[in-house]
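Single-letter residue listing:
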Amino acid sequence: MSLRLYDSATRSVRPFEPLEPGKVGIYLCGATVQGAPHVGHMRASIAFDVLVRWLRRTGLDVTLVRNVTDIDDKILARSAEAGCPWWAWAYRFEQEFTAAYDALGVQRPTYEPRATGHVTEMVELMEQLTERGHAYRGTEGNVYFDVRSLPEYGSLTRQALENMTVSDDNDIEPDKRDPRDFALWKAPKPGEPATASWPTPFGRGRPGWHLECSAMSRRYLGETFDIHGGGIDLRFPHHENEQAQSHAAGLGFARYWVHNAWVTTGGEKMSKSLGNSLVVSEVLGRTDPAVLRYALGTVHYRSTVEFSDVTLAEAAGSWERFTGFVTRSVERVGEVPAEEVAAQGPAQLPPAFVEAMDDDLNISAALAVVHEHLRAGNTALAERDDVTTRGAQLQVRAMLDVLGLDPLAAPWRAAGGGDGTAEHAALDTLVTAVLRERDAARAAKDWARADALRDRLAEAGVVVEDSAGGARWHVKGTD
C-alpha cells in the first residue's frame, strides 16, 4: 500500500501496512449515550468514515467496530434526575446518535457493540490482569489497575508517572494503592439501581470506562489489530489506560493510533460542560445535512474545525457548486451509473487525488483536484462537449464519493435532481426519532417530558400536529 497515516503513538507519519494482507481492522471509540449528540460528536464519525471509504476504495476489506458506552456515572446520574430507567435513557440517546450518523451520511459500522453486552469478556480480562500482578481488589466490587506495575505506562502520551494527574474520572478512592490507579470494575454507589450492576468473582459492580474497549476490541478484532481511532481528547486517560491494560494482559492491541482534532466554537472545544454545544437535530433544522457534513468533513482530520455561520456559509457555497454541476451534467449527458462511479479505484482516479488521499488523508489537496475537474466539466458543458462532460461527472462524483459527498448517492441524491429533498429525508429521520420518544413519554403519562420534546421541535421550526392517526409534522412556513 502507498497510504501513509500519522501515528499518534510514534508522533510520525508511517506507511500503513495491514496486519493481514487485504484486510483492515479498526476500533473506533463511539458515543457515551448520556444525552443528545452535538456537532462535536460527529467529527470523529465523519473523519473515520472518510478513512474507511478510502481504504475500501483501494480494495481492502475493512472491519469497523464502533462501540457504544451505555453505562457510566453520567448516564446513571442524568437518568436518575429525569426519573427514567438508566437503560431506557441510554437507548433513547443511542437512537439519536444513530439518526444523526444516518442523516450525515456516515456508513454503518461492521458492528456496534454495547458495553453492557460484554461483561463476560471484561471479567476474563480482569482475571488475567490480576493473575499477572497488574490489577488488585479494593473493597468488595472494586478492581483497580496498578499503574506502577507496568513500566511502559504513559508511553502513548509520553508522560512520566510522577507528572500525571488522577486518571479515573478524578475519583480518589481510599482503597486505591496509588491515586493514579484506574478502575477496571466499580462497586455500586448508594442509591444506584440494582439493575446497573452485575455479579462477578470480584463482587457486584459495573465496568470502568477503559476496560470495556479493551474487551470489545479483542472480542471482535483479535488480540492485535490495525487501527485504534478516536478524538484527540481521548488520548489521556482513556486510550493510555486501554493500551496499558491490554499490553499488561499480553495483547498486542493497536498497531496504529489515529486521532482526530475536535470542533471549536469561538476558539473553545465544543462540549456540554462549556455550554456551547449545538445539538445535531437543531442544526439540521436550519442547515442542509450535506452542508454540515461538508463543513465537518473537508478539514484535515488532525486540524481543528471552527464551527460558525461563516463556516456553514462557505460549505454551502462549495456544495452548491458541486450539486449544480452534477445536475447540469445529468441533464446534458445522463447519469453515470452508481456502479461505474464505485468502480473508480486508485488506478482510475486522478493521480493527484490519489496522492493527496494517500498522504495522511490530505483533504485540502484532494478537494483542489475535485475543483479542477469541476471547472473542466463546466467548461465542457458550455462548449457542449458531451464526452468530456460525462468524464468530468464520473471523476467528480467518484472523488466526492470518497468523501461521502457524491450528490447522487444516498442520502444526498434528491439534492442532485431526484424526487423530494435530501433535507427533508434527513430531517424526517431525526424528527421521527424525537416523536417516538414523545409517544413513549405520553404512554408513560410523562406529560412534562412529552411537552418538552414538542417544544424542542418547535424551537427548531418543526410544527407537530396530533391526530387520530398519530402525530404529523411539517417545517414552519411550509404548510
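From a predicted model like this one, the values you see are computed outputs, not experimental measurements.

S.K.: For this particular structure, what's the right way to read the overall build of the protein chain?
M.R.: Scanning the protein chain from N- to C-terminus turns up 15 helices and 15 strands. Relative to the compact-globule value of 23 Å for 479 residues, the protein chain shows a C-alpha radius of gyration of 24 Å, a close match. Seen through its principal axes, the protein chain has C-alpha atoms that stretch 80 × 60 × 35 Å. Within the protein chain, the proportion of its 479 residues that are buried is 55%. Pairs at least 24 residues apart make up 74% of the contacts formed inside the protein chain by residues separated by at least 6 positions. Total accessible area on the protein chain stands at roughly 20,100 Å², and carbon and sulfur atoms take up 50% of it. With 51 positive and 68 negative side-chain charges, the protein chain shows a spacing of 1 Å between the two charge centroids.

S.K.: Please clarify how helix H3 (residues 86-103) should be interpreted in this entry.
M.R.: Since one α-helical turn is 3.6 residues long, residues separated by three or four positions face the same way. Its 18 residues place the ends of H3 26 Å apart at the C-alpha level, agreeing with the 26 Å of an ideal helix rising 1.5 Å per residue. Taken residue by residue, H3 has Trp-86, Trp-89, Ala-90, Arg-92, Phe-93, Glu-94, Glu-96, Phe-97, Ala-99, Ala-100, Tyr-101 and Ala-103 as its buried positions. One or two steps after H3, the chain reaches Gly-105, where phi turns positive at roughly 75°.

S.K.: I'm lost on the pattern of salt bridges in this one. Help?
M.R.: Two side chains carrying opposite charge are able to pair once their charged atoms lie near each other. Scanning all chains against the criterion turns up 28 salt bridges. Taking the shortest distance from any N to any O, the salt bridge between Asp-73 and Lys-186 comes out at 3.1 Å. Residue Asp-73 is located in helix H2 (residues 73-82), and its partner Lys-186 is located in strand E7 (residues 182-186); the two are separated by 113 residues in the primary sequence. Under the relative-accessibility criterion, Asp-73 is labelled partly exposed at 22%. Classification of Lys-186 by relative accessible area gives buried; the value is 9%. A salt bridge links Glu-335 to Arg-413; its shortest N-O distance comes to 2.7 Å. Of the two residues, Glu-335 sits in the loop between helix H9 (309-333) and helix H10 (338-342) while Arg-413 sits in the loop between helix H13 (386-402) and helix H14 (422-443), which places them 78 residues apart along the sequence. Through salt bridges with shared partners, a single ionic network connects Asp-49, Arg-53, Arg-57, Arg-293 and Asp-401.

S.K.: Even after reading the chapter, I still don't get helix H11 (residues 351-358), so can you show me in this structure?
M.R.: Inspection of H11 places Phe-353, Val-354, Ala-356, Met-357 and Asp-358 among the buried residues, and these make up the whole buried set. Residues of H11 that are buried in the fold lie against strand E1 (4-7), helix H1 (39-57), helix H12 (363-382) and H13. Of the residues flanking the end of H11, it is Asp-360, one or two places downstream, whose phi is positive at about 55°.

S.K.: Sorry, what's going on with unusual backbone geometry here?
M.R.: Negative phi is the rule for most residues except glycine; trans is the rule for most peptide bonds. In the segment running from Phe-236 into Pro-237, the intervening peptide bond is cis, with an omega of 10°. Mapped onto the fold, Pro-237 is located in helix H6 (residues 235-248). That bond from Ala-410 to Pro-411 is cis: its omega, 0°, falls within 30 degrees of zero. With respect to the helices, strands and loops of the structure, Pro-411 is situated in the loop between H13 and H14. Backbone geometry at Arg-11 places phi at a positive 55°, although glycine is not the residue there. If you trace the backbone, Arg-11 turns up in the loop between E1 and strand E2 (12-15).

S.K.: Hey, could you run me through the sheet that holds strand E13 (residues 305-306) in this one?
M.R.: To summarise the sheet geometry, strands pair through backbone hydrogen bonds and adopt either a parallel or an antiparallel arrangement. Strand order in the open sheet made by the three strands is E12-E11-E13, with mixed pairing throughout. Single-partner strands in this sheet number two, and they are strand E12 (268-269) and E13. Alignment of strand E11 (residues 263-265) against E13, held across two bridges, turns out to be parallel. By the bridge assignment, Thr-264 is partnered in E13 with Glu-306.

S.K.: Even after reading the chapter, I still don't get the nonpolar core, so can you show me in this structure?
M.R.: The nonpolar side chains of a soluble globular protein tend to be buried, and buried together. Phe-353 and Met-357 are the most contacted members of the largest nonpolar core, which has 86 residues in total. Among the elements that make up this core, the one with the highest residue count is H1 (ten residues). Once residues within four sequence positions are removed from consideration, Met-357 is found in contact with Leu-3, Val-50, Trp-54, Asn-362, Ile-363, Ala-366, Val-402 and Leu-403. Residues Leu-161, Phe-202, Ala-215 and Leu-234 belong to the second largest nonpolar core, which totals 42 residues.

What counts and how
Residues numbered from 1 in each chain as written. Predicted model: local features only at pLDDT ≥ 70, side-chain atom pairs only at ≥ 80, totals over all residues. Heavy atoms only, no water. Helix = DSSP H or I, 4+ residues; strand = E, 2+ residues; numbered from the N terminus. Rg over C-alpha atoms; globule rule 2.2 N^0.38 Å. Buried < 20%, exposed > 50% of the residue type's maximum accessible area, 1.4 Å probe, protein only. Contact = heavy atoms within 4.5 Å. Areas by Shrake-Rupley, 256 points an atom, 1.4 Å probe, with all protein chains shown as cover. Lys, Arg positive; Asp, Glu negative; His and termini not counted. Charge placed at Lys NZ, Arg CZ, Asp CG, Glu CD. Expected span 1.5 Å × (residues − 1). Salt bridge = Lys/Arg side-chain N within 4 Å of Asp/Glu carboxyl O. Pairing = 2+ DSSP bridges. Core = buried A, V, L, I, M, F, W, Y, C linked by side-chain atoms within 4.5 Å.

Treat this as a map of the structure, not an account of what it does.
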